[in-house]
Each structure stands twice: as structure tokens, then as C-alpha cells.
Amino acid sequence: MTVARRYRFEAAHQLPWHPGKCRGLHGHSYVLEVHVSGSLDEHGMVMDFGEVDTVVDKHVLCVLDHTHLNEVLDNPTAELVVAWIGERLDTAGLAWSSLRLWETEDGSVLFER
Ligand SMILES: [Zn+2]
């Protein structure tokens, strides 16, 4: 089974190499979905939602929310932002199975193990 949690953060970025409008400074209301897969424990849970929240809040949201992503990553494409998030969650010991980062309402990147 897979449990999923959804989070939201606001951040600015720019992609100076981009030929289109992503070149300029602009912001997104990012939505991050964190999926954790596993078998049920003795309490009938894969992982407590609150445990996922604690890790994601501390290691991702508190670092990225209301920031300029170019100060954290050299090239903050949605793909590289979700890869960075995956590394942060790995370091924090969260055994995520997949991550999906929505940059716009219609555009997202799925990062699977
Ligand atoms: Zn953008």
C-alpha cells in the first residue's frame, strides 16, 4: 500500500537559459506529493501521516517556502527541484517511494525510485 500526503509552498525562480517566459523572475505555488509505500505495521498503518509531515516540514518546506529557489539551486527546473527534495528526504531517512512536484495546475514532474 502507498500513503500519500500533499503539501504546498510558494517560491520564486528564474531560468536564465530558457528561451521562453521562464527566463524572467516569477513565482509558483508548488504542490508536492510525497508517497510512502510499504506493508502494514501492527497498527494497520504504512506510516503515520504525522511522521511524514514532520520530516517534510522540517527538511523541505521550512527551507523552500517563500524563497528564491535560485539561491538554493543553480538551475531550479521542476525536475531538479524534485530531485533536490528527494535527496533531502533521503538524508532525513524518509523512505519515500515516489514524489510528484506540481509547478503549475497542469504541469508536474513524477520522480519514482
Ligand atoms: Zn517557473
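Everything in this summary refers to the structure shown in the same document. (Residues numbered from 1 in each chain as written. Predicted model: local features only at pLDDT ≥ 70, side-chain atom pairs only at ≥ 80, totals over all residues. Heavy atoms only, no water.)

### So, the sheet that holds strand S5 (residues 108-112)
Okay, so step 1: As summarised here, the arrangement of the 5 strands in space is S3-S1-S2-S4-S5, forming an open sheet in which the pairing is mixed. Each edge of the open sheet carries a strand with a single partner, namely strand S3 (67-68) and S5.
Okay, so step 2: When strand S2 (residues 26-37) meets strand S4 (residues 98-102), the two strands line up antiparallel, connected through 5 bridges. What sits directly across from valine 31, in S4, is tryptophan 102. (Pairing = 2+ DSSP bridges. Helix = DSSP H or I, 4+ residues; strand = E, 2+ residues; numbered from the N terminus.)

### Overview of the packing of helix H1 (residues 49-64) against helix H2 (residues 78-91)
A pair of packed helices is captured by two measures, namely the crossing angle of their axes and the spacing between those axes.
Okay, so step 1: Where H1 contacts H2, the axes come no closer than 10 Å and their chain directions differ by 140 degrees. In terms of their interaxial angle, H1 and H2 are classed as oblique. Crossing handedness for the pair H1 and H2: right-handed. The residues of H2 that touch H1, namely those facing Val55, Val56, His59, Val60, Val63 and Leu64, are Val81, Trp84, Ile85, Arg88 and Leu89.
Okay, so step 2: Split into classes, the residues belonging to the contact of H1 with H2 amount to 9 nonpolar, 1 polar and 1 charged. (Axes fitted to C-alpha atoms, helices over the stretch in contact; angles between N-to-C directions. Parallel < 35°, antiparallel > 145°, perpendicular 65-115°, else oblique. Left-handed = near helix turned anticlockwise from the far one by under 90°. Contact = heavy atoms within 4.5 Å. Nonpolar A, V, L, I, M, F, W, Y, C, P; charged D, E, K, R; others polar.)

### A look at H2
Okay, so step 1: An ideal rise of 1.5 Å per residue puts 20 Å on 14 residues; H2 measures up with 20 Å between its terminal C-alpha atoms.
Okay, so step 2: Looking at the buried positions of H2, the neighbouring elements they touch are S2, H1, S4 and S5.
Okay, so step 3: Where H2 ends, the next residue or the one after it, glycine 93, has phi of about 85 degrees, a positive value. (Expected span 1.5 Å × (residues − 1).)

### Notes on the nonpolar core
Inside soluble globular proteins, nonpolar side chains tend to come together where they are buried.
Okay, so step 1: Within the largest apolar cluster, 29 residues are counted, with the highest numbers of intra-cluster contacts made by Val34, Val56, Ile85, Leu89 and Leu94.
Okay, so step 2: Elements supplying a minimum of two residues to this core: strand S1 (2-13), S2, H1, H2 and S4.
Okay, so step 3: Leave out the neighbours within four places in its chain, and isoleucine 85 touches Leu32, Val60, Leu64, Leu99 and Leu101. (Core = buried A, V, L, I, M, F, W, Y, C linked by side-chain atoms within 4.5 Å. Buried < 20%, exposed > 50% of the residue type's maximum accessible area, 1.4 Å probe, protein only.)

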